[in-house]
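Observations on the three-dimensional arrangement
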Amino acid sequence: MSSRREFIALLGGAAAMWPLAARAQQPALPVIGLLTTKGAGDTPHLLAAVRQGLKDTGFAEGQNVRIEYHFAGNKIEQLPALAADLVHRQVTAIVATGNAAALAAKAATTTIPIVFLVGSDPVAVGLVPSLARPGGNLTGVTNLTAEVAPKRLELLHELVPTATVMALLVDPTDPGPAESVSRALQAAARSFGLELHVLSASSEHDFDAVFAKVIQLRAGGLVIGSHAFFTARSEQLAGLAVRHAVPTVYAYREFVAAGGLASYGGAITEQYRLAGVYAARILKGEKPNELPVQQVTKVELFLNLKAAKALGITVPLPLLGRADEVIE
């Protein structure tokens, strides 16, 4: 009887250990490091779009993949250290949003796959040698944000047709996009018979001086270049545009939702979803150099009628009809 009890106790103990042993033998979940200039609560809908892309391709956060979020809190200078930390953690792949984050990730590793999201030409920025054959450990998704920059000036011209002077705001610390956008908008301004002044801001302390200069120039409106520095401060810039009564156009919806007049740019939510799809395909074994850089060709127009009314602007009906969303 004693031997039987000992045998049953031994059997019960072994059974209790089986789940622990099974868990111990389960492989660790793959980890995606998400590197972004933005703060943790800045753009939850875009992070959700990355997770949706992963889910569309068979990966659900917390179930069969982990995401390690590294937010720079709108401080670009922190990106290199954050990228280095992801490499130290040996993440399976990195998703980097924006030029600065992508370049920081590229500088940090030549082996961990990187999926970038940028609004400018990734070849010109120096991320990849070719869109069709990206080579190395990088691929990604770009949109038409930089290419459609002249359309923002055209949009502003439609909204303020009597203005003959306009202004463009660029970030001089991001020289490639700043120069290309300046050239493109100067050419567009000449075609519309407009005088365009290029202004610079590389810190928040510059913003008040920029709007004061716009007023001094008697510019009819302001186009903001689609730099990551400005994107991270969309709400602040929209508030200044409202306070100084300057009709202003930017690239992304966040600016309009914060009170800005209008935005026109690539479909950024779809861009983030596609980045999630690419990250999932890499987790399944595909190589970044085998995945051509994708380009989101859809552009979106957002208008804020409350801002238009405050500025004394009557939005033309055809423009209202073209808008993807009208915020009232």
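For the structure, see preceding data.
Heads up: these notes are all about the structure in this document. Keep in mind that this is a model prediction, so the values were computed, not measured. (Residues numbered from 1 in each chain as written. Predicted model: local features only at pLDDT ≥ 70, side-chain atom pairs only at ≥ 80, totals over all residues. Heavy atoms only, no water.)

**With respect to the overall build of the protein chain**
The condition that has to hold: Each helix corresponds to a stretch of at least 4 residues labelled H or I by DSSP, and each strand to a stretch of at least 2 residues labelled E; elements are numbered beginning at the N terminus. Buried residues are those whose accessible area, probed at 1.4 Å on protein chains only, stays under 20% of the maximum for their type, while exposed residues exceed 50% and partly exposed ones sit between those limits. Contacts are assigned to residue pairs that have any heavy atoms within 4.5 Å of one another.
A count of helices and strands for the protein chain gives 14 helices and 13 strands. When its C-alpha atoms are laid out on the principal axes, the protein chain stretches across 100 × 40 × 35 Å. Counting only residues that meet the buried cut, the protein chain has 49% of its 328 residues in that class. Excluding contacts between residues fewer than 6 apart, the proportion of contacts in the protein chain whose partners are at least 24 apart in sequence is 69%.

**Considering unusual backbone geometry**
Notably, Arg218 is not glycine yet its phi reads approximately 60°, a positive angle. Examined against the element boundaries, Arg218 turns out to sit in the loop between helix 8 (207-216) and strand 8 (222-224). Positive phi outside glycine occurs at Ala245, with the angle close to 55°. With respect to the helices, strands and loops of the structure, Ala245 is situated in the loop between helix 10 (234-243) and strand 9 (248-250).

**Side note on the layout of surface pockets**
Definition in use: Any residue with an atom within 4 Å of a point lines the site, the site being either a cavity, points on a 1 Å grid over the protein atoms alone where a 1.4 Å probe fits but cannot get out, or a pocket, an open set with protein on both sides within 12 Å along at least 5 of 7 lines. Grid points are joined across faces, edges and corners, and a volume is the space filled by probe spheres set on the points. Each residue is assigned to one class: nonpolar for Ala, Val, Leu, Ile, Met, Phe, Trp, Tyr, Cys and Pro, charged for Asp, Glu, Lys and Arg, and polar for all the others, Gly among them.
The calculated volume of the largest pocket comes to roughly 770 Å³. Looking at the lining of the largest pocket, the elements that each hand over two or more residues are helix 4 (99-108), strand 4 (114-118), helix 5 (122-125), helix 6 (149-159), helix 7 (175-192), helix 9 (228-231) and helix 12 (268-283). Top element by residues in the lining of the largest pocket is helix 7. It accounts for five residues. Classifying every residue of the lining of the largest pocket gives 19 nonpolar, 16 polar and five charged. The space that makes up the second largest pocket amounts to roughly 200 Å³. What lines the second largest pocket is a set of 13 residues, among which Asp42, Thr231, Ser234, Glu235 and Glu254 lie closest to the centre. At the level of secondary structure, the elements contributing two or more residues to the lining of the second largest pocket comprise helix 10 and helix 11 (253-257). Per-class residue counts for the lining of the second largest pocket are three nonpolar, four polar and six charged.

**Observations regarding the sheet that holds strand 12 (residues 299-304)**
What counts, and what does not: At least two bridges found by DSSP between two strands is the condition for calling them paired. Note on method: axes are straight lines fitted to C-alpha atoms, helices fitted across the in-contact stretch only, with angles between N-to-C directions ranging 0 to 180 degrees.
A sheet is described by the order of its strands in space; here seven strands give the open sequence 7-6-8-9-10-12-13, paired in mixed fashion. In the strand order of this sheet, the two ends are held by strand 7 (195-200) and strand 13 (325-327), each with one partner. In this sheet, adjacent strand axes meet at a mean angle of 20° when their direction is disregarded. Summarising the sheet, strand 9 and strand 10 (residues 262-266) pair through two bridges and their orientation is parallel. In the sheet register, Val249 faces strand 10, and the bridge partner there is Ala262. Strands in contact with helix 8 are strand 6 (165-170), strand 7, strand 8 and strand 9; relative to strand 7, the strand with the most contacts, it is inclined by about 165°.

**Notes on the pattern of salt bridges**
Note the following rule: Take a side-chain nitrogen of Lys or Arg and a carboxyl oxygen of Asp or Glu: if they are within 4 Å of each other, that pair is a salt bridge.
This structure, assessed with the given rule, holds eleven salt bridges. For the salt bridge of Glu204 with Arg233, the shortest nitrogen-to-oxygen distance reads 2.9 Å. Residue Glu204 is located in the loop between strand 7 and helix 8, and its partner Arg233 is located in the loop between helix 9 and helix 10; the two are separated by 29 residues in the primary sequence. By sharing partners, the salt bridges in this structure join Arg66, Glu68, Asp85 and Arg89 into a single network.

**Re the packing of helix 3 (residues 79-88) against helix 4**
This is how the line gets drawn: Throughout this description, any angle smaller than 35 degrees is read as roughly parallel, any larger than 145 degrees as roughly antiparallel, any in the 65 to 115 degree range as roughly perpendicular, and the remainder as oblique. Note on convention: the crossing is left-handed when the near helix lies turned anticlockwise from the far helix by less than a right angle, right-handed when the turn is clockwise.
Closest axis-to-axis distance for the helix 3/helix 4 pair is 8 Å, and the angle between their directions is 50°. Taken together, the axes of helix 3 and helix 4 lie oblique to each other. For the crossing formed where helix 3 meets helix 4, the hand is right-handed. Residues Leu79, Pro80, Ala83, Ala84 and Val87 of helix 3 touch helix 4, and the partners they reach there are Ala100, Ala101, Ala104, Ala105 and Ala108. Here the contact of helix 3 with helix 4 is built from residues that sort into ten nonpolar, no polar and no charged.

So yeah, pure geometry; function would need other evidence.
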